[in-house]
Each structure stands twice: as structure tokens, then as C-alpha cells.
Amino acid sequence: MSIIVDHLYYRYDAGTAFEKEALTDINMVINDGEFVGIIGHTGSGKSTLIQHLNGLLKPAAGSIYYNGEDIFDKGYSLKELRRKVGLVFQYPEYQLFESTVINDVKFGPSNLGLSNLEVDLASFDAIKKVGIPDNMIDASPFELSGGEKRKVAIAGILAMKPEVIILDEPTAGLDPKGREDILSILKSLHREMGMTIILVSHSMDEVADVADRLVVMNAGKIVATGAPAEIFKYYDELENIGLSVPQTVYLMNKLKKNGIDVRNGIFNPDDAIREISRVFHI
Ligand SMILES: Nc1ncnc2c1ncn2[C@@H]1O[C@H](COP(=O)(O)OP(=O)(O)O)[C@@H](O)[C@H]1O
Ligand SMILES: [Mg+2]
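Residues numbered from 1 in each chain as written. Chains lettered and ligands numbered in written order. Predicted model: local features only at pLDDT ≥ 70, side-chain atom pairs only at ≥ 80, totals over all residues. Heavy atoms only, no water.

**A short note on the packing of aromatic side chains**
- Following the criterion strictly, the structure yields 5 aromatic pairs and no others.
- Between Y10 and Y12, the ring centres sit 5.0 Å apart and the planes meet at 85°, which makes this aromatic pair edge-to-face.
- Looking at Y12, the relative accessible area reads 31%, which means it is partly exposed.
- Consider the rings of F97 and F107, whose centres lie 5.2 Å apart with planes at 80°: the pair is edge-to-face. Residue F97 is found in the loop between strand 6 (85–88) and helix 3 (101–110), and its partner F107 is found in helix 3; the two are separated by 10 residues along the sequence. (Phe/Tyr/Trp six-rings, centres within 6.5 Å; stacked < 30°, edge-to-face > 60°. Buried < 20%, exposed > 50% of the residue type's maximum accessible area, 1.4 Å probe, protein only. Helix = DSSP H or I, 4+ residues; strand = E, 2+ residues; numbered from the N terminus.)

Spelled out as C-alpha cells, the structure:
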């Protein structure tokens, strides 16, 4: 058990003429060590939802529990929660402001009351985990490429040694190489360190590749949750809410409809190649 969201509602500009219900009756459990993809069309409520998970937004109704404790109970430390549940905002590069990469990464841990040595160790360790080369640590963050800036922002969160890391569209606007780099960092944090990862995305291909479970949002509600192969069975319904499943799913379905006996549940190109080779003995 890690994060429980219980009947959560949220409104922006409550009590004004602009009041807008952004989340409606959200119920969700994120288990320890899971890699969950939160997917939905723009405006479906993804960013609003994740900002509740570390207490940045307070529900209009409903509760959020972290390891069994209500995070909005009197006396619960939201500061401590934000260390354990790290949030990487969308376009985090706009929040890099220190003169060097290393100082930017140190910013978070140095506010935790650690010794200088502990701050250094945590920061160098985080830099290593995201694959920033040593010769870059004294560079200005502004000299880096888009993908490198994202890595610095992720390292800044990792340096606080969170239990859960939430990333809001971390690959938005990156080229394919930058995108692949970020996803492989997330995979290794999950596989090698057992971190709980929540990845927000509007790309099915992207989350299908890395997440164990998807949470599909539409118009402020969760409309489905399950393993990618389960979710992709509903490609018609997904299209109706502006989401397309990976191209491979369409291809495999087309083959099946034409009488070619390929296995169900294949959604990535490498598996498709293997399966097609098997069926056609090539
Ligand atoms: N700061 C804000 N003020 C008013 N409405 C907002 C604000 N942020 C988001 N919204 C609205 O809340 C809804 C959910 O938005 P958001 O959580 O940003 O969705 P997503 O991250 O899935 O694109 C949208 O209708 C959006 O217009
Ligand atoms: Mg968003």
C-alpha cells in the first residue's frame, strides 16, 4: 500500500463565476513499487490529480492517504511528504535557476537539514543515476540541451531520495533520443531501485512501453485502469476520448481479422516482429 485516493473532487476558482470542476470522484490506489502511467487527453485532469498526491492542491472533497495516513490531517507534515513523493513538473527546465548543474541538483537536499557531505553524496549519486557526464556538472544549466535540462531537473528530485517519483509529461517537446533517454532512466529507477513511478503522458505508445498499469482519464474522471494489453482491447472507446492505441495494436488486430492467427495482447513492435515471424515461419 502506498497512495490511496478516496472520492476526490477538485474545483478551480471555487465560489467564483469561473468555477470549474476539474476532478470528479477520483478513486485510485498506487501500490509500492508500481510503475503507473496516467494517460488522458489535454484537459482531462492529469496535472490536477498528481498535484494532489504530494499535497500541493487540497481536495474540495475526499481524502488522500500516504502509507495509511491522511495527508491533510492536522499535524501531518506536508514538507516531509514532498520529500518522499517527488514531483517533476511539466517543463521543469523553467525552474532551473542556479549557476551550475551541481548547485541546481543540490538545492533540494540542502533544504532538508543534511550535512554538506550528505548533500554532496546524494547529489552526485542522483547525477550519476540520470547519466549526466562528470564534465557537465559545473556547466550552467542554461547551456544544456532540452533533454539534459530535464535530466538535471529529475536529478534534483532524486537527490532528495524520494520513495515515489511523479513526472508530468517529462518527454514533452523532446526529440526521439531525448525521449528514449528519459524513459530508460525511469525504467532503471523502477527495475533497479524498486522506486514507485507515476508517469503522466498523453502518448499511449510511450506509457505502453514502460508502465505496468495504466490509469485512463477523461473529463476529470478515471474511465479505466489495467495492464496496457487489457486497456488496448478497448481501442474504439479510447478513440472516442481522443486517445489512440499504439500502431502495433491496429496492425495485430487487422491480421487477426484477416484470419491470421497471431497471439492477443501484443502492442510493441519488437514482439510483433517475433510473432509475425513465428506465424509465417520466416
Ligand atoms: N490554474 C487553473 N485554473 C483554472 N482552471 C484550470 C487550471 N488548471 C487547469 N484547469 C482546468 O482544469 C481541467 C484539468 O486540467 P489539467 O489538470 O491541467 O489537465 P491535463 O493535465 O490532463 O491536461 C481543464 O479543464 C483545465 O482547463
Ligand atoms: Mg497537464
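Text resumes after the structure shown.
**Let's talk about the sheet that holds strand 2 (residues 20–30)**
- Spatially, the 4 strands line up as an open sheet ordered 2-1-4-5, and their pairing is antiparallel. Each end of this open sheet is capped by a strand with a single partner; those strands are strand 2 and strand 5 (69–70).
- In the sheet, strand 1 (residues 3–12) pairs with strand 2 via 7 bridges, with the strands oriented antiparallel. The residue bridging R11 from the neighbouring strand is E21, located in strand 2. (Pairing = 2+ DSSP bridges.)

**Here's the deal with the pattern of salt bridges**
- Applying the stated criterion across every chain, the model contains 16 salt bridges.
- Across the pair D271 and R274 runs a salt bridge, and its minimum N-O distance is 2.8 Å. Residue D271 and its partner R274 are both found in helix 11 (residues 269–280); the two are separated by 3 residues, about one turn of the helix.
- Judged by relative accessible area, R274 falls into the exposed class, the value being 55%. (Salt bridge = Lys/Arg side-chain N within 4 Å of Asp/Glu carboxyl O.)

**Some thoughts on the sheet that holds strand 3 (residues 35–40)**
- Read from one edge of the open sheet, 6 strands run 6-7-8-3-9-10, paired in mixed fashion. Both outer strands of the open sheet, strand 6 and strand 10 (221–226), are each paired with one neighbouring strand and no more. Averaged over all pairs of adjacent strands, the angle between strand axes in this sheet comes to 15°, irrespective of strand direction.
- Here strand 7 (residues 164–168) pairs with strand 8 (residues 196–201) via 5 bridges, running parallel. Bridge assignment links I166 to a residue of strand 8, and that residue is I198. (Axes fitted to C-alpha atoms, helices over the stretch in contact; angles between N-to-C directions.)

**Considerations on the site of ligand 1**
- For ligand 1, the full set of nearby residues is Y12, D13, K20, A22, H41, T42, G43, S44, G45, K46, S47 and T48.
- One nitrogen or oxygen atom from the main chain of G43 is found 2.7 Å from an oxygen atom belonging to ligand 1.
- Taking G45, its main chain carries an N or O atom lying 3.1 Å from an oxygen atom of ligand 1.
- A total of 560 Å² of accessible area belongs to ligand 1 in isolation, and the protein chains cover 63% of it.
- Among the elements that line the shell around ligand 1, the one with the most residues is helix 1 (residues 46–53), at 3 residues.
- Of the residues assigned to the shell around ligand 1, the class counts are 2 nonpolar, 7 polar and 3 charged. (Near = heavy atom within 4 Å. Polar contact = N/O pair within 3.5 Å; in protein donor to acceptor, adjacent residues only side chain to side chain. Areas by Shrake-Rupley, 256 points an atom, 1.4 Å probe, with all protein chains shown as cover. Nonpolar A, V, L, I, M, F, W, Y, C, P; charged D, E, K, R; others polar.)

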